[in-house]
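Analysis of the macromolecular model
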Amino acid sequence: YKIKGNKDRCRSPHVSEEQIKDIFVKAANILIKDKADAVRRIESIRDSLLVNDSFQKSLDQAETEISVVSGLMEEYVRSTVLTESEVKNGRYAELQARYEAAVKNAEKARNAISDRKVRARELERFLDEVRKLDGAFLQFSKEAWLGLCDRITLMEKGKAAVRFRSGVEIEVEY
């Protein structure tokens, strides 16, 4: 496209819908050609996402800290007359900061575990789609597109990278 009175044209690559479909078909055929290897690699990634030992350990430590600090705070409140300065700057404030840090750490660990489980489920759905593929793609399939493709990035003229939902990226020429 050209702006009136301006000789500069848009330098973004332009492709038609048919070209995008062709790019996807080429990349999907490369994926299918190496299907067994791709499935093994994706299963390995999925399995590693399901091992959450370090995150579970962090969560357990944070929950223990929450429990300990809660007990210390309750004991402190029962045994001390709290003043405004004590709440703002004293031992109670220290305990409160420690408690809040533990809650934050627990939430971080829970989110990491949850995110990894979601990603593993996404990879499993992707694997199901890849396992269904049999033989070469002869033409574009909307179902395969929706089940497999994450995005297509147009690179230098005539080249594109197809990123599949598994994270696998395949470069093709168009």
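In what follows, the accompanying structure is described.

1. Some points on the overall build of the protein
- Counting secondary structure elements, the protein contains six helices and three strands.
- Ordered by position in the sequence, the α and β elements of the protein form the string α-α-α-α-α-α-β-β-β.
- In summary, the protein has a C-alpha radius of gyration of 27 Å against a globular reference of 16 Å for 174 residues, an excess of more than 25%.
- Here the protein holds 174 residues, and 29% of them are scored as buried.
- Counting 33 positive and 31 negative side-chain charges, the protein places the averaged centre of each group 7 Å from the other.

2. Examining the nonpolar core
- Among the nonpolar cores identified, the biggest contains 27 residues, and Phe24, Leu31, Phe126, Phe137, Leu148, Phe164 and Ile170 are the most heavily contacted of them.
- Among the nonpolar cores identified, the runner-up in size contains seven residues, and Leu59, Ala106, Ala109 and Ile113 belong to it.

3. Here's the deal with the side chain of asparagine 52
- Secondary-structure assignment places asparagine 52 in the loop between helix H2 (35-50) and helix H3 (53-79).
- Among residues more than four places away in sequence, those in contact with asparagine 52 are Ile113 and Arg116.

4. Looking at the pattern of salt bridges
- The final tally for this structure, using the stated rule, is 19 salt bridges.
- The residue arginine 151 makes a salt bridge to aspartate 150 at a minimum N-O spacing of 3.7 Å.
- Overall, the relative accessible area of 38% leaves aspartate 150 in the partly exposed class.
- Aspartate 150 is the partner of arginine 163 in a salt bridge, and the nearest nitrogen-oxygen pair spans 3.5 Å. With arginine 163 in strand S2 (residues 159-164) and aspartate 150 in strand S1 (residues 149-154), this pair connects stretches of sequence that are 13 residues apart.
- By sharing partners, the salt bridges in this structure join Glu43, Arg46, Asp47, Glu124, Asp128 and Arg131 into a single network.

5. A short note on the packing of H2 against helix H5 (residues 91-132)
- Across the interface, H2 lies against H5 with an axial gap of 9 Å and an inter-helix angle of 160°. Taken together, the axis directions place H2 and H5 in an arrangement best described as roughly antiparallel. The hand of the H2/H5 crossing is left-handed. Across the interface between the two elements, Lys35, Val39, Ile42, Glu43, Ile45, Arg46, Ser48, Leu49 and Leu50 of H2 pack against Arg116, Arg119, Ala120, Leu123, Glu124, Phe126, Leu127, Val130 and Arg131 of H5.
- Looking at the contact of H2 with H5, its residues break down into 10 nonpolar, one polar and seven charged.

6. A look at a positive patch on the surface
- A contiguous patch of positive charge, built from Lys117, Arg121, Arg125 and Arg165, is present on the exposed surface.
- Looking at the element boundaries, lysine 117 is found in helix H5.
- Under the relative-accessibility criterion, lysine 117 is labelled partly exposed at 41%.

7. With respect to the sheet that holds S1
- As summarised here, the arrangement of the three strands in space is S1-S2-S3, forming an open sheet in which the pairing is antiparallel. Looking at strand neighbours, the two that pair on one side only are S1 and strand S3 (169-173), the edges of this open sheet. Strand-to-strand twist in this sheet, taken as the mean axis angle between neighbours without regard to direction, amounts to 20°.
- Across five bridges, the pairing between S2 and S3 is antiparallel. Paired with alanine 160 across the two strands is valine 172, which belongs to S3.
- Taken strand by strand, helix H1 (residues 17-33) contacts S1, S2 and S3, and its axis lies near 125° from that of S3.

8. Side note on H2
- Taking 1.5 Å of rise per residue, the 16 residues of H2 would be expected to cover 22 Å, and the 22 Å separating its terminal C-alpha atoms lies within 8% of that figure.
- If you check which residues of H2 are buried, you get Ala38, Val39, Ile42, Arg46 and Leu49. Looking down the long axis of H2, one finds its buried residues gathered within 95° of arc, a one-sided arrangement.
- Looking at the packing, one finds that the buried side of H2 touches H1 and H5.

Quick notes on the rules
Sequence order as written defines residue numbering, which begins from 1 separately in each chain. Only residues with pLDDT of at least 70 are given local features in this predicted model, and only at 80 or more are side-chain atom pairs given and counted; all residues enter the totals for whole chains, interfaces and linings. Calculation of side-chain values draws on the structure's entire complement of heavy atoms; hydrogens and water are dropped beforehand. Secondary structure elements follow DSSP: runs of H or I no shorter than four residues count as helices, runs of E no shorter than two count as strands, and numbering proceeds from the N terminus. Radius of gyration means the value over C-alpha atoms here, while the globule rule gives 2.2 Å times the residue count to the 0.38 power. Burial status follows relative accessibility: with a 1.4 Å probe on protein chains alone, a residue under 20% of its type maximum counts as buried, one over 50% as exposed, and anything between as partly exposed. For the charge count, each Lys or Arg is scored as positive and each Asp or Glu as negative, with His and the chain ends excluded. We put the charge of a Lys on NZ, of an Arg on CZ, of an Asp on CG and of a Glu on CD. Only buried residues count toward a nonpolar core, which is a set of Ala, Val, Leu, Ile, Met, Phe, Trp, Tyr and Cys residues joined through side-chain atoms within 4.5 Å. Note on contacts: a residue pair qualifies if any of its non-hydrogen atoms lie within 4.5 Å across the two residues. Salt bridges are defined as contacts in which a side-chain nitrogen from Lys or Arg sits within 4 Å of a carboxyl oxygen from Asp or Glu. Every angle, taken between N-to-C directions, lies between 0 and 180 degrees, and every axis is a line fitted to C-alpha atoms, over only the stretch in contact when it is a helix. Any angle between 65 and 115 degrees counts as roughly perpendicular, while under 35 counts as roughly parallel, over 145 as roughly antiparallel, and the rest as oblique. Two helices cross in a left-handed way if the nearer one is turned anticlockwise from the farther one by less than a right angle. They cross in a right-handed way if the turn is clockwise. Charged residues are taken to be Asp, Glu, Lys and Arg, nonpolar residues to be Ala, Val, Leu, Ile, Met, Phe, Trp, Tyr, Cys and Pro, and polar residues to be all remaining types, Gly included. Patches draw on residues past 30% relative accessible area with no salt bridge. Two like charges within 9 Å are joined, as are two nonpolar side chains (Val, Leu, Ile, Met, Phe, Trp, Tyr) within 5 Å. In short, Shrake-Rupley with a 1.4 Å probe defines the accessible areas, and a residue's cover is counted only from the protein chains shown. Only strands that DSSP links by at least two bridges are regarded as paired with each other. What a helix should span is 1.5 Å times the count of its residues minus one. Arc definition: it is the arc formed by the directions from the helix axis to the C-beta atoms.

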